[in-house]
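Listed below, chain by chain, are the residues.
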Amino acid sequence: ELLYEIPRSRTNNRVENILPSVIGISNDVVYKERIQSKTDSSLRLKEITFKKYDVEQLREILTQRATAAFKEDAYDEEIIPQAAALARKQGGDARYGIDLLQKAGMKAKKAGDTVVSDPHVRKAHEEKERDRVFEVTNDLSSQEKVVLAAVMFHDLRGETPISRGDVYPTYKRYSTLLLDNSNVPRRVADYLKKMSQLGLLERRDAYQGPGESGFEYSLDKVDYNMVIQVLGEAEPASEST
């Protein structure tokens, strides 16, 4: 209702001497599908798409930051393309690359090294990724952790990408053994979707017709060895389903 009224507020004499506008920012490319047609018409939307930074753009950004942040000859120039490549894998996130350089510099300083180099960036990346995985994994419920463990089991056997229907028997066996209860397939599908949104699982469309699961899941986004370690350290977030 608010989005509908704001563009019409001047015409309806609700405001004077201003030209009301609405600027919306979203990472959801299908957000318009959830806007009512009358609101869409009232807004007269004009979309501007900001593409992800490519590697060359990231290199330019990180070069400028490194020049400003580090003393002359205090860093190996190879850390720029390295950080840019890692940031590109994170969806072209320049902030990720900048944070990597900062953490790498701190690690070099702590170690007493006079030059920030490749090992410092790699350690910074591993630490950031582990912290991210720990944060999202630690917040999972016990049931969700069991689903993740089931996908990992099949991944270790080379059986991924895997559908919900194929992972469900493994999940049910684990949940019955560890939690003394299990959930229905539909609920497990919700768990899988959530973990793909969190970046723990990779989800791909594999629809093959009515009655078939529409998605398959794998651990392509994260190192499962890291997830195994984090699962062993994480405290259960909740015993509820």
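Since this is a predicted model, take the numbers as computed values, not measurements.

Caption draft 1: Layout of the nonpolar core. Ranked by size, the top nonpolar core spans 22 residues in total, and within it V147, L148, Y171, L192, M195, L200 and L201 carry the most contacts. Secondary structure elements with two or more residues in this core: α6 (118-138), α7 (142-156), α8 (164-178) and α9 (185-197). The leading source of residues in this core is α7, at six residues. Sequence-distant contacts of L192, that is, excluding residues within four places in its chain, are made with V147, V151, R164, V167, L201 and Y217. By size, the runner-up hydrophobic cluster in this structure holds 21 residues, among which are L58, I80, A108 and A124.

Caption draft 2: Representation of α9 in the model. Taking 1.5 Å per residue, 13 residues should reach 18 Å; α9 reaches 19 Å between its end C-alpha atoms and fits that length. Of all the residues in α9, the buried ones are V188, A189, Y191, L192, M195 and S196. Taken around the axis of α9, the buried residues stretch over an arc of 160 degrees, which confines them to a single face. Within α9, the exposed residues directed more than 90 degrees away from the buried face are R186 and Q197. Along its buried surface, α9 packs onto α7, α8, β2 (202-205) and β3 (215-218). Downstream of α9 by a residue or two, G199 has a phi angle that is positive, lying close to 85 degrees.

Caption draft 3: Examining the sheet that holds β3 more closely. Ordered by their spatial adjacency, three strands build an open sheet running β1-β3-β2, and the pairing between neighbours is antiparallel. Only two strands of the sheet have a single partner each, and these edge strands are β1 (162-163) and β2. Pairing of β1 with β3, which is carried by two bridges, proceeds in the antiparallel orientation. When the bridges of β3 are listed, I162 appears paired with Y217.

Caption draft 4: Representation of the environment of F153 within the structure. Tracing the backbone through its elements, the reader meets F153 in helix α7. Sequence-wise, F153 and Y171 are 18 residues apart; in three dimensions their C-alpha atoms are separated by 9.7 Å. Beyond its immediate chain neighbours, meaning those up to four positions away, F153 contacts T170, R173 and Y174.

Caption draft 5: Broad picture of the packing of aromatic side chains. Evaluation of the coordinates by the stated rule reveals three aromatic pairs. For the ring pair F153 and Y174, a centre distance of 6.1 Å and an interplane angle of 80 degrees mean the geometry is edge-to-face. Taken together, the positions of F153 in helix α7 and Y174 in helix α8 put the pair 21 residues apart, joining distant regions of the chain. Residue classification places F153 among the partly exposed residues on the basis of a relative accessible area of 26%. Measuring from centroid to centroid gives 5.7 Å for Y168 and Y171, while their planes differ by 45 degrees, and the two rings are tilted.

Caption draft 6: Main features of the packing of helix α5 (residues 94-111) against α6. Contact geometry for α5 and α6: axes closest at 8 Å, N-to-C directions at 115 degrees. As α5 packs across α6, the resulting crossing turns out to be right-handed. Residue-level inspection shows Y96, D99, L100, K103, A104, K107 and A108 of α5 in contact with α6, the latter providing H120, V121, K123, A124, H125, E127 and K128. Classifying every residue of the contact of α5 with α6 by side-chain character gives six nonpolar, two polar and six charged.

Caption draft 7: Representation of the environment of V115 within the structure. Of note, V115 is situated in the loop between α5 and α6. Separated by 39 residues in sequence, V115 and D76 have C-alpha atoms that sit 6.6 Å apart. Dropping the residues within four chain positions of it, V115 is found in contact with D73, A74, Y75, D76, A108 and H120.

Caption draft 8: Representation of the pattern of salt bridges within the structure. Under the criterion given, the structure shown has twelve salt bridges. For E127, the salt bridge is made with K107, and the minimal N-O distance between the two is 2.8 Å. Pair noted here: E127 is in helix α6 and K107 is in helix α5, with a separation of 20 residues, a long-range link. Residue E127 is classed as partly exposed on the basis of its relative accessible area of 33%. Between R187 and D190 there is a salt bridge, with its nearest N and O atoms 3.7 Å apart. One end of the pair is R187 and the other is D190, both in helix α9 and three residues apart, which spans about a single turn. Overall, D190 belongs to the partly exposed group, its relative accessible area being 33%.

Conventions used here
Residues numbered from 1 in each chain as written. Predicted model: local features only at pLDDT ≥ 70, side-chain atom pairs only at ≥ 80, totals over all residues. Heavy atoms only, no water. Core = buried A, V, L, I, M, F, W, Y, C linked by side-chain atoms within 4.5 Å. Buried < 20%, exposed > 50% of the residue type's maximum accessible area, 1.4 Å probe, protein only. Helix = DSSP H or I, 4+ residues; strand = E, 2+ residues; numbered from the N terminus. Contact = heavy atoms within 4.5 Å. Expected span 1.5 Å × (residues − 1). Arc of directions from axis to C-beta. Pairing = 2+ DSSP bridges. Phe/Tyr/Trp six-rings, centres within 6.5 Å; stacked < 30°, edge-to-face > 60°. Axes fitted to C-alpha atoms, helices over the stretch in contact; angles between N-to-C directions. Left-handed = near helix turned anticlockwise from the far one by under 90°. Nonpolar A, V, L, I, M, F, W, Y, C, P; charged D, E, K, R; others polar. Salt bridge = Lys/Arg side-chain N within 4 Å of Asp/Glu carboxyl O.

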